[in-house]
Amino acid sequence: MKGKDLLLALEEAVFNRDSASLESLLAGFDGSDVGPSEAIRALAKGMDRVRGRLRDREISIPEFLLSIDVFRQGLRRIARDACEEEPGEDRETRTVVIGVVEGDTHDMGKNIVAAVLEASGYRVVDVGRDVPRDVFLSALKETKASILALSTMMSTPLENMREVIQWTRRLYPDVKILVGGAPLDERIAAALGADGYAESAVTAPEEASRLVGKTRRAAKAAPVPKAG
Amino acid sequence: MMRLNSFRPAAPDRLRLFEKVVARLGYPSPSVLSEEVRLGIERAVDRALEQARVESVLRRATLVKVGGGMIEGQGIRIHSQRWARVAERAEKPAFIFAFVVTLGQRLDETVAALQRDSFFDAYLLDAAGSELAEESAGALEEFLASQAAAEGMEITARFSPGYCDWDLKEGQDALFRFLDTGSVGVRCNEAGMMTPLKTISGVVIAAPRLAVRVACSWCNQRECLHRRSNGLAETDKRV
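Asker: In this structure, what is going on with the overall build of chain B? I would like to understand it.
Answerer: Looking only at helices and strands, chain B has 6 helices and 10 strands in total. Since a compact globule built from 239 residues should have a radius of gyration of about 18 Å, the 18 Å found for chain B is in line with a globular shape. With respect to the principal axes defined by its C-alpha atoms, chain B has extents near 55 × 35 × 35 Å. Counting only residues that meet the buried cut, chain B has 53% of its 239 residues in that class.

Asker: Help me out: how do you make sense of the overall build of chain A in this one?
Answerer: Scanning chain A from terminus to terminus reveals 9 helices and 5 strands. Helices and strands in chain A line up, N terminus first, as α-α-α-α-β-α-β-α-β-α-β-α-β-α. Taking all 228 residues of chain A together, 57% fall into the buried category. When contacts within chain A are restricted to residue pairs at least 6 apart in sequence, those whose partners lie at least 24 apart make up 76%. Split by element, the accessible area of chain A, about 9800 Å² in all, is 48% carbon and sulfur.

Asker: Would you take a moment to explain the domain arrangement of chain A for this structure?
Answerer: In many reports, interface size means the accessible area that the parts give up when they come together. Residues and elements named next belong to chain A. Domain annotation of chain A identifies domain 1 (3–82) and domain 2 (92–221). Just the C-alpha atoms count here: the centres of domain 1 and domain 2 sit 25 Å apart. With 15 residues of domain 1 in contact, the opposing surface of domain 2 contributes 14 residues. Where domain 1 abuts domain 2, roughly 1200 Å² becomes buried across the two surfaces, and 70% of that area is made up of carbon and sulfur atoms.

Asker: Just checking my understanding: could you explain the packing of aromatic side chains for this structure?
Answerer: Describing an aromatic ring pair means giving the distance of the ring centres and the angle of the ring planes. All names here are of chain B. For the coordinates displayed, the defined rule picks out 4 aromatic pairs over all chains. Consider the rings of Trp83 and Phe159, whose centres lie 3.7 Å apart with planes at 10°: the pair is stacked. One end of the pair, Trp83, is in helix α3 (residues 81–89); the other, Phe159, is in the loop between β5 (154–155) and α6 (168–178), and 76 residues separate them in sequence. Here the aromatic rings of Phe95 and Phe97 are separated by 5.2 Å at their centres, their planes lie at 80°, and the arrangement is edge-to-face. Comparing Phe95 with Phe97, the two get one shared label, buried. Members of the aromatic cluster, connected to one another through ring pairs, are Trp83, Phe159 and Trp166. Arg60 extends its terminal NZ or CZ atom over the ring of Phe95, reaching a point 3.6 Å from the ring centre.

Asker: Quick question: what am I supposed to make of the sheet that holds strand β3 (residues 76–79) of chain B here?
Answerer: Neighbouring strands of a sheet are bound in pairs by backbone hydrogen bonds; such pairs are parallel or else antiparallel. Residues and elements named next belong to chain B. The 6 strands lie next to each other as β3-β2-β1-β4-β8-β5, forming an open sheet whose pairing is antiparallel. The strands lining the two open edges of the sheet, one partner per strand, are β3 and β5. Relative to strand β4 (residues 95–102), strand β1 (residues 55–67) is paired through 8 bridges, and the arrangement is antiparallel. Note that in β4 the partner of Val57 across the bridge is Val100.

Asker: Explain the state of the cysteines to me, please; I cannot follow it from the model alone.
Answerer: One covalent bond between the sulfur atoms of two cysteine residues makes up a disulfide. Residues and elements named next belong to chain B. If you walk through the whole model with that rule in mind, you get 0 disulfides over all chains. Sulfur of Cys164: no disulfide; nearest cysteine sulfur belongs to Cys216 and is 6.1 Å away. In this model Cys188 remains outside any disulfide bridge; the closest cysteine sulfur is found in Cys164, 18 Å from its own.

Asker: Just checking my understanding: could you explain the pairing of strand β4 (residues 176–180) of chain A for this structure?
Answerer: When a strand is regular, its side chains alternate between the sheet's two faces. Residues and elements named next belong to chain A. Most of β4 sits inside the fold, with 4 of its 5 residues counted as buried. Looking at chain direction, strand β3 (residues 147–151) and β4 are connected through 5 bridges and run parallel. Bridging from a neighbouring strand, Ser151 pairs with Gly180 of β4. Traced from β3 through helix α7 (residues 158–171) to β4, the parallel crossover comes out right-handed. As defined by bridge partners, β4 adjoins strand β5 (residues 196–197) across 2 bridges and the pair is classed as parallel.

Asker: Please explain the side chain of Arg17(A) as it appears in this structure.
Answerer: With respect to the helices, strands and loops of the structure, Arg17(A) is situated in the loop between α1 (3–15) and α2 (19–26). Residue classification places Arg17(A) among the buried positions, given a relative accessible area of 18%. Discounting residues that sit within four places of it in the chain, Arg17(A) has contacts with Arg53(A), Ile59(A), Glu63(A), Leu66(A), Ser67(A), Val70(A) and Glu36(B).

Asker: Explain the nonpolar core to me, please; I cannot follow it from the model alone.
Answerer: Counting 92 residues, the largest nonpolar core has Leu10(A), Phe64(A), Ile68(A) and Ile41(B) as the members making the most contacts within it. Looking at this core element by element, the count peaks at 13 residues for helix α5 (residues 119–149) of chain B. With residues up to four places along the chain from it excluded, the contact list for Phe64(A) reads Met47(A), Val50(A), Arg51(A), Leu54(A), Ile59(A), Val116(A) and Ala201(A). Core analysis: the second largest hydrophobic core is formed by 28 residues, Ile71(B), Ala84(B), Ala174(B) and Leu175(B) among them.

Asker: Would you mind going over the interface of chain B and chain A with me for this structure?
Answerer: Contacts between chain B and chain A engage 23 residues on the former and 25 residues on the latter. Our enumeration of links across chain B and chain A arrives at 2 salt bridges. Between Arg17(A) and Glu36(B) there is a salt bridge; the shortest N-O distance is 2.5 Å. Mapped onto the side of chain B that touches chain A, the elements with two or more residues apiece are α2 (35–51), α5 and α6 of chain B. Class assignment for the residues of the side of chain B that touches chain A results in 12 nonpolar, 6 polar and 5 charged.

Asker: Explain the pattern of salt bridges here, please?
Answerer: When the charged atoms of two side chains with opposite charge come close together, those side chains can pair. Residues and elements named next belong to chain B. Within this structure, the stated rule accounts for 34 salt bridges over all chains. A salt bridge links Glu135 to Arg16; the nearest nitrogen and oxygen atoms lie 2.9 Å apart. Of the two residues, Glu135 sits in helix α5 while Arg16 sits in helix α1 (residues 14–24), which places them 119 residues apart along the sequence. The exposure class assigned to Arg16 is partly exposed, which follows from its relative accessible area of 38%. Across the pair Glu72 and Arg77 runs a salt bridge, and its minimum N-O distance is 3.5 Å. Judged by relative accessible area, Glu72 falls into the buried class, the value being 17%. Residue Arg77 is classed as partly exposed on the basis of its relative accessible area of 46%.

Asker: How should I be thinking about the side chain of Asp121(B) in this particular structure?
Answerer: Residue and element names in this part refer to chain B. Structurally, Asp121 is set in helix α5. Residue Asp121 is classed as buried on the basis of its relative accessible area of 13%. With residues up to four places along the chain from it excluded, the contact list for Asp121 reads Arg43, Arg47 and Leu114.

Conventions we followed
- All residue numbers refer to position in the chain's written sequence, counted from 1.
- Just so you know, chain letters begin at A and ligand numbers begin at 1, following the order they were written in.
- pLDDT decides what is reported in this predicted model: residues at 70 or higher carry local features, side-chain atom pairs at 80 or more are listed and counted, and totals for whole chains, interfaces and linings draw on all residues regardless.
- Only hydrogens and water are set aside; all other atoms, that is, all heavy atoms of the structure, feed into the side-chain values.
- Each helix corresponds to a stretch of at least 4 residues labelled H or I by DSSP, and each strand to a stretch of at least 2 residues labelled E; elements are numbered beginning at the N terminus.
- Throughout, radius of gyration means the C-alpha value; the globule benchmark is 2.2 Å times the number of residues raised to the power 0.38.
- Burial classes follow relative accessibility: with a 1.4 Å probe on protein chains only, a residue under 20% of its type's maximum area counts as buried, one over 50% as exposed, and anything between as partly exposed.
- We call two residues contacting when some pair of their heavy atoms lies within 4.5 Å.
- Accessible surface is estimated by sampling points in the Shrake-Rupley manner with a 1.4 Å probe; for residues, cover comes only from the protein chains shown.
- An automatic or database domain assignment provides the domain bounds reported here.
- Note on terms: buried area is the combined drop in 1.4 Å-probe accessible area of two parts once they are placed together, counting the loss on both.
- In this analysis, rings of Phe, Tyr and Trp, with Trp reduced to its six-membered ring, are considered paired at centre separations within 6.5 Å, and the interplanar angle assigns stacked below 30 degrees, edge-to-face beyond 60, and tilted for intermediate values.
- In this scheme, Lys NZ or Arg CZ marks a charge over a ring once it lies within 6 Å of the ring centre and within 35 degrees of the ring normal.
- Two strands make a pair as long as DSSP finds a minimum of two bridges between them.
- What counts as a disulfide here is a pair of cysteine sulfur atoms lying within 2.5 Å.
- We call a crossover right-handed when, viewed with the strands running away from us, the connection from the first strand over the helix to the second turns clockwise.
- Nine residue types can take part in a nonpolar core, namely buried Ala, Val, Leu, Ile, Met, Phe, Trp, Tyr and Cys, and a core is a set of them joined through side-chain atoms within 4.5 Å.
- Salt bridges, as used here, are contacts in which a Lys or Arg side-chain nitrogen is within 4 Å of a carboxyl oxygen on Asp or Glu.
- For this scheme, ten residues count as nonpolar: Ala, Val, Leu, Ile, Met, Phe, Trp, Tyr, Cys and Pro. Four count as charged, namely Asp, Glu, Lys and Arg, and the remainder, Gly too, count as polar.

Shown next as structure tokens:
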């Protein structure tokens, strides 16, 4: 399969959470017919449609995660076989530093949000879990990220989150701060000083786009995959 | 004050655990599951049962004072207005059992490893682990009820730091000072978070006669998932 047919099939493989089909489509993929960035864009389109289905409650979270897994499988395959890294014209403005604040090691939600943001075209720098303030600040300095995404599943680390937010405001006032996690809602997020609140992985891309003042685009995925 | 033997519950029935996981994930019944999700949950349940190493540590403390928003046993204090009221209404509250029950580190490691290739499998195993931890704590609670019954006592529903008005950090500090949690490999960080992640800590109050088993009568959080009425669960979640 080649050209537009291949791109459509890649999109459908993600949409239908069809790992075997994706593997078959990308067997021998070298980027000579369809470019790596085009292929990744097709995968991201599939993810965008899947996100819509979850938002409309047509599928469940496990089914959504199956699509993310197929998307990541495709990213890895393309990155391994055809692409080292793709410079994007606005990549610097679309970098997100993401992590779980100090005191908490629950990181699955953060990892899923990171994958979804990546599928939505962001370059994601994942600094991990139980992350001290200074690690976040160093990552912002090194990456020149435009968004800092902070997460916790517990209420006790919220003070640590507030401190990271305050120091980010002081040192990197242009960085937009997005927060999410079980103890948070819009009101608490605002009280902590965050610019935005993402209720789930479904809403995270829109909220991130709102913060950086851009309309959402489905197809500008960074080609280097994250492995969990 | 005496140290009880630790308790190791029998593995729960596989089908029962499967149904609990299905409900935890928000499905109304197993019949609505797609084939891939059903198989994924079955795989997760099998993995959880295989990888969990359920261990617990228990300790009993004679009550020395109840009132003023506090339950004080020998070696442990619980600051909770609501649970103090439960104790105050009991007839001669006698002692508390404190406990920690854990599924062990291996399950956490497997969830973390699965995330590299499959969020789907990691998410389902995490859910199965959470439900297995609840089942294990439930079995422990039944064991404590039988221990208390042998002395002519009833016990309250179990309650944990971070629930109702028992502060998470303060409650965990009290429990971790009181219990030898190192013997089962459980640690608690500055924020009150326990590792391994699939660990439940808590206490029950024992008395010859209880007026109520839960503190929900004094709480206005009508939407609380753990809310119970007259000692019976309004939802299938435990306190």
